[in-house]
Amino acid sequence: MLDYPLPGDLVAQAPAQRRRDSRLMAVNRKTGEIAHLTFPGLAGLLRQGDLLVLNDTKVIHGRLRARKATGAAVEIFLLSPLGDRSAGGETWEALARPSKRLREGMVFRVGEELEVTLLDRLGEGRWSVRLTAGGSVAEAVDSAGEIPLPPYIRRRAGDPRLAVDADRYQTVYAKNRGSVAAPTAGLHFDRGMIAQIRRAGVSTAKVTLSIGYGTFRTIRTEEVEEHEIHAEAYRLGEETAAAVAKAKERGGRIVAVGTTSVRTLETCAGRDGKVVASEGTTGLFITPGHRFRAVDALLTNFHLPRSSLLALVMAFGGVELIREAYRQAMAGREKLRRSLASTNVIESA
């Protein structure tokens, strides 16, 4: 169900010149119609009274190229905080490579300010690590580290594109620091488009879901439902809950920007569809058969084969319709060669 052929040359290695220059595929769940547009065409698909829900998480510079005093190099990829924070340091779960050469207690330097100590081996290349700095650890990480791009985007140290990545792998509305991956559906918006959509009578609201490395994990279980996703921290505030209620009262649709916004909204929705403000962690894994309670329309990117993200999109749009949408995208591979990061819009039934 979640498998499809993906030639490597269809995965864009650099963003379009402008955020809005990506392609747009509009998939109507009710009619089965599939239209091929460009991203600015989104404004014409939204309706006055709709509510656009955005994930305002901010990606940390969590890829750390570290060295021992002897000069030995190691790459440390921060995954999630472990809750032990003090004025002088923070404890995180991290991936560390090359793992065979590493030992508990090893200390590495990253740049001028940041120091990383390996605490405990957690298995599968994962460690608990202690980050310390003379000042703010967060500032030291973002100064010395790199944006942690997805594994299918290839960069070497010193690649001049890294400077562009630091800006373009954040949404223009990113605010709450904590993710190790971007909510990629939102990357295509620039401030001008958001302003245009608001002038057209479409409201916006924010949720926060801190995206973990688990978003890249391939589903390897025989049954999709047997796959477990890592729990991620989320917050949906009173203001957003009220905005959702008002949009539904006026007959507007709740349009989730990205699978992370979907998971947050569905986590906070009761059986009656009412969304209640809350915060915590969610391990909600949405698969075909899920009954959507809050979300009426979805804006999302294409996703890798055998991913939990593709399972969610198929749950929302229908397995066969989404397979057809992907088939059409693959059939136009020459046009999409540089833009598989294009966007789908799946409209409400």
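Up top is the structure.
Worth saying up front: this structure is predicted, and the values here are computed from it rather than measured.

Calculation notes
Residues numbered from 1 in each chain as written. Predicted model: local features only at pLDDT ≥ 70, side-chain atom pairs only at ≥ 80, totals over all residues. Heavy atoms only, no water. Helix = DSSP H or I, 4+ residues; strand = E, 2+ residues; numbered from the N terminus. Rg over C-alpha atoms; globule rule 2.2 N^0.38 Å. Buried < 20%, exposed > 50% of the residue type's maximum accessible area, 1.4 Å probe, protein only. Contact = heavy atoms within 4.5 Å. 1 Å grid on protein atoms, 1.4 Å probe; cavity = no way out; pocket = protein on both sides within 12 Å on 5 of 7 lines; lining within 4 Å. Points joined across faces, edges and corners; volume = space filled by probe spheres on them. Nonpolar A, V, L, I, M, F, W, Y, C, P; charged D, E, K, R; others polar. Pairing = 2+ DSSP bridges.

**Q** What am I meant to see in the overall build of the protein here?
**A** Looking only at helices and strands, one finds nine helices and 17 strands in the protein. Taken over C-alpha atoms, the radius of gyration comes to 21 Å for the protein, in line with the 20 Å a tight globule of 349 residues would show. By principal-axis analysis of the C-alpha atoms, the protein measures approximately 65 × 45 × 45 Å. In the protein, which comprises 349 residues, the share counted as buried stands at 51%.

**Q** I keep staring at the environment of Val129 and nothing clicks. Help me out?
**A** Mapping Val129 onto the fold places it in strand β10 (residues 126-133). Separated by 36 residues in sequence, Val129 and Glu93 have C-alpha atoms that sit 6.3 Å apart. Apart from residues no more than four positions distant in its own chain, Val129 is found in contact with Leu78, Glu90, Thr91, Trp92, Ala94, Val116, Thr117, Leu118 and Leu119.

**Q** Explain the layout of surface pockets to me, please; I cannot follow it from the model alone.
**A** Over the atoms, a rolled probe matching the size of one water molecule traces out where space is still vacant. The volume enclosed by the second largest pocket comes to roughly 530 Å³. Surrounding the second largest pocket, 22 residues form its lining, Leu79, Ser80, Gly212, Tyr213 and His230 being those nearest its centre. Those elements giving two or more residues to the lining of the second largest pocket turn out to be β6 (73-86), β7 (89-97), β11 (176-179) and β13 (232-236). Counting residues per element, the lining of the second largest pocket draws most heavily on β6, which supplies four residues. Taken together, the residues of the lining of the second largest pocket break down into eight nonpolar, seven polar and seven charged.

**Q** What am I meant to see in the pairing of strand β9 (residues 114-123) here?
**A** Residues in a regular strand point their side chains to alternate faces of the sheet. Pairing between strand β8 (residues 107-110) and β9: four bridges, direction antiparallel. Looking across to β9, one finds that Val110 is bridged to Leu114. Counted between consecutive antiparallel strands, the loop separating β8 from β9 contains three residues, among which Gly111 sits at a positive phi close to 70°. Sheet topology note: the β9/β10 ladder contains eight bridges and is antiparallel. If you follow Leu114 over to β10, its bridge partner there is Ala133.

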